[in-house]
Protein chains: 6
Amino acid sequence: MDFKHGMGVFTEKMPDLARKYNAFSEACFKEGKLSKKEKQLIALGISIFSQDEYCIIYHTKGCLDQGCSEKEILEAIGVCAAFGGGAAMSQSVTLVQEAITDLSQENDKLH
Amino acid sequence: MDFKHGMGVFTEKMPDLARKYNAFSEACFKEGKLSKKEKQLIALGISIFSQDEYCIIYHTKGCLDQGCSEKEILEAIGVCAAFGGGAAMSQSVTLVQEAITDLSQENDKLH
Amino acid sequence: MDFKHGMGVFTEKMPDLARKYNAFSEACFKEGKLSKKEKQLIALGISIFSQDEYCIIYHTKGCLDQGCSEKEILEAIGVCAAFGGGAAMSQSVTLVQEAITDLSQENDKLH
Amino acid sequence: MDFKHGMGVFTEKMPDLARKYNAFSEACFKEGKLSKKEKQLIALGISIFSQDEYCIIYHTKGCLDQGCSEKEILEAIGVCAAFGGGAAMSQSVTLVQEAITDLSQENDKLH
Amino acid sequence: MDFKHGMGVFTEKMPDLARKYNAFSEACFKEGKLSKKEKQLIALGISIFSQDEYCIIYHTKGCLDQGCSEKEILEAIGVCAAFGGGAAMSQSVTLVQEAITDLSQENDKLH
Amino acid sequence: MDFKHGMGVFTEKMPDLARKYNAFSEACFKEGKLSKKEKQLIALGISIFSQDEYCIIYHTKGCLDQGCSEKEILEAIGVCAAFGGGAAMSQSVTLVQEAITDLSQENDKLH
């Protein structure tokens, strides 16, 4: 993934800032009163609304890794569409659905 | 609430459109594989990210009505902040926290 | 209006930039293949989507000044809502509707 | 188009939600006090401002299908640029202009 | 300021997350190859573009505290307006200019 | 670059509007109390936050042309990340870093 590689390069050049970014980010996503899965679903919702392609793929993967079913992800898309209308819908039915298909196939290959 | 009143006026003048908006919106937020509570948390996350004052208050109320604890809402804020940085944080620590306080007091009065 | 006053102050302090901004802006909104009224409706649609309070009021006034009926403005809101969902709807049924009422009353007083 | 295919897949899996989304969306875009053409122009304006690639292409097509001339679309871009500055301009002069060219050629082939 | 108070409440309730947010944020704004002043100007530019009222005021103050002249801030507004058009302009000529006036008066009182 | 070509086509078809857009834009970016370099850094910050791919590349080039070092650009990314969180970070570590690499190589070839 482009993002992973890019983050690696950035971390080498700005180690202190990247380390603190990661520490903050991990604190936000760790298991708490909300489960990791619920946090990934919230993050996916925001990613879709914000139309951020990298984050959409990243958090679709996050949702799948935390055990979300396809149906649960599609319902999260529904909430996005209620809030963000056609703009959210257009991102969802293309990027998210493709990511689900691609990532599920990868997982199948690994097993 | 301004929003409720405004929606009422709109519904009177555009009844067909408003009815279909509501039907769609209800389909998005109804209990499914994700609970209503999880859907409200996703919607709150998007509201904060989008800086939409009306929706922030509306979905903070939605979360509380679905039984979210303050801690759960604050963790949802954390996910927003990881994604939306200082912009998300500034909305959260002002509007959301005020809404929690105000809405909790109202609930207390009712009981 | 705050915006008008603020723009006046800015123009005094940054006359060259403000003059060129106005020249550009006027070129965008002048009568052409699209009427001024159609351009104001497009601008209102974008204002609502962008949740920019000043521009929402400014272009609601622009629409009314160009002879838009309330119904036409409400239909423009509909297009916004299709595109921007609940976020657009919440701005529309509060700010836009209030602006229509306030601005219509002002116009009535003038006549 | 990716969007059309994606929407088909989504509709199969979430039929109730998709049906209500479509009903709402159709109510927003149908002929009324504003013509379908004016509604497509408003939707294009919002699409450009929102930088939503799928919607930009979709509503450029919508505008052309409703009989907009190239000049009318370029004037709508102008309104966007007044509102959204360089960000709107960069989307417009690339995506919209390419879409106009591509879609016009397709139409020519059909006739 | 609402933001400061709200951040205090949040920090009490989510101490680990808030501490890591602050550590990250401080790493971003500290003197480096870019001066603190330049970083505040960049942050102000983004705040205006994002229409985040709290951050606009916060970073206008940050700019003034780092010794920016009014002229420098107005030129930063110009860059925003080039990028974000009327939406950015409307925030700038109202909120930013008011903040400059208010904050300058406060500073005068202190001296 | 797509943008340059597109802007050329647009200018031919809408000469008055394009000329005024350019005049305004140049007034915003010219040397003043802030240097051209500082203005490019502000514009890059906003570009990243807005996720506008064309503008991100355009202003990364602008920063390099005005003599920014890689370190200075990476610090500007840091400010963006503080403000825009993961969304800003994901754009930065991919698009901006690639643009720096590509544009630096081009410059090397020219010399």
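### Brief notes about the overall build of chain A
Right, on to step 1. Secondary structure summary: chain A contains 5 helices and 0 strands in total.
Right, on to step 2. Of the regular secondary structure in chain A, the N- to C-terminal order runs α-α-α-α-α.
Right, on to step 3. C-alpha extents for chain A along the principal axes are approximately 40 × 35 × 30 Å.
Right, on to step 4. Counting all 111 residues of chain A, 59% fall into the buried class.
Right, on to step 5. In chain A, of all internal contacts separated by at least 6 residues, the share reaching a separation of at least 24 is 51%.
Right, on to step 6. Entry remark: accessible area of chain A is about 4,500 Å², with carbon and sulfur atoms responsible for 50%.
Right, on to step 7. Of the charged side chains in chain A, 12 are positive and 16 negative, and the gap between their average positions amounts to 9 Å.

### Some words on the interface of chain A and chain C
Right, on to step 1. Contact residues are listed per partner, giving 6 residues for chain A and 6 residues for chain C.
Right, on to step 2. Taken over both partners, the interface formed by chain A and chain C buries close to 390 Å², and the fraction arising from carbon and sulfur atoms is 55%.
Right, on to step 3. For the chain A face of the interface with chain C, the top three residues by lost area are Phe83, Gly86 and Ala87 of chain A, together amounting to 61%.
Right, on to step 4. Put simply, chain A and chain C have 0 salt bridges between them.
Right, on to step 5. Inspection of the region where chain A meets chain C yields 6 residue pairs in polar contact (both at pLDDT 80 or more).
Right, on to step 6. Looking at the side of chain A that touches chain C residue by residue, the class counts come to 3 nonpolar, 3 polar and no charged.

### Structural notes on the confidence of the model for chain A
Residue and element names in this part refer to chain A.
Right, on to step 1. Here chain A shows a mean pLDDT of 93. Residues at 70 or above account for 98%.
Right, on to step 2. For chain A, per-element mean pLDDT is lowest for helix H5 (residues 70–110), which scores 90, and highest for helix H2 (residues 15–29), which scores 97.
Right, on to step 3. This complex was scored by the predictor with a pTM of 0.94 and an ipTM of 0.93.

### Details of the relation of the copies chain A and chain C
Right, on to step 1. When chain A is fitted to chain C, the best match, at an RMSD of 0.0 Å, comes from turning it 180° and sliding it 0.0 Å along the axis. The superposition of one copy onto the other is thereby described by a two-fold rotation axis. Among all C-alpha atoms of chain A, that of Gly85 of chain A lies closest to the rotation axis, at 1.9 Å.
Right, on to step 2. Most of the interface of chain A is mirrored in chain C, where 100% of its interface residues are also at the interface.

### With respect to the pattern of salt bridges
Between side chains of opposite charge, a pair can form when the charged atoms approach closely.
Right, on to step 1. This model, assessed by the stated rule, comprises 42 salt bridges over all chains.
Right, on to step 2. Of the charged contacts, one joins Asp65 of chain C and Lys61 of chain C as a salt bridge, the two residues approaching to 3.1 Å between their closest N and O atoms. Placement of the pair is Asp65 of chain C and Lys61 of chain C together in helix H4 (residues 53–65), with a separation of 4 residues, close to one helical turn.
Right, on to step 3. Asp16 of chain E is the partner of Arg19 of chain E in a salt bridge, and the nearest nitrogen-oxygen pair spans 3.0 Å. Of the two residues, Arg19 of chain E and Asp16 of chain E both sit in helix H2 (residues 15–29), 3 residues apart, roughly one turn of that helix.
Right, on to step 4. Owing to a relative accessible area of 23%, Asp16 of chain E belongs among the partly exposed residues under this scheme.
Right, on to step 5. A single network of salt bridges, built from pairs that share partners, joins Asp16, Arg19 and Lys20 of chain A together with Lys30 of chain E.

About the thresholds
Residues numbered from 1 in each chain as written. Chains lettered and ligands numbered in written order. Predicted model: local features only at pLDDT ≥ 70, side-chain atom pairs only at ≥ 80, totals over all residues. Heavy atoms only, no water. Helix = DSSP H or I, 4+ residues; strand = E, 2+ residues; numbered from the N terminus. Buried < 20%, exposed > 50% of the residue type's maximum accessible area, 1.4 Å probe, protein only. Contact = heavy atoms within 4.5 Å. Areas by Shrake-Rupley, 256 points an atom, 1.4 Å probe, with all protein chains shown as cover. Lys, Arg positive; Asp, Glu negative; His and termini not counted. Charge placed at Lys NZ, Arg CZ, Asp CG, Glu CD. Buried area = accessible area lost by both parts, 1.4 Å probe. Salt bridge = Lys/Arg side-chain N within 4 Å of Asp/Glu carboxyl O. Polar contact = N/O pair within 3.5 Å; in protein donor to acceptor, adjacent residues only side chain to side chain. Nonpolar A, V, L, I, M, F, W, Y, C, P; charged D, E, K, R; others polar. pLDDT = per-residue confidence, 0-100. Least-squares fit on C-alpha atoms with pLDDT ≥ 70 in both.

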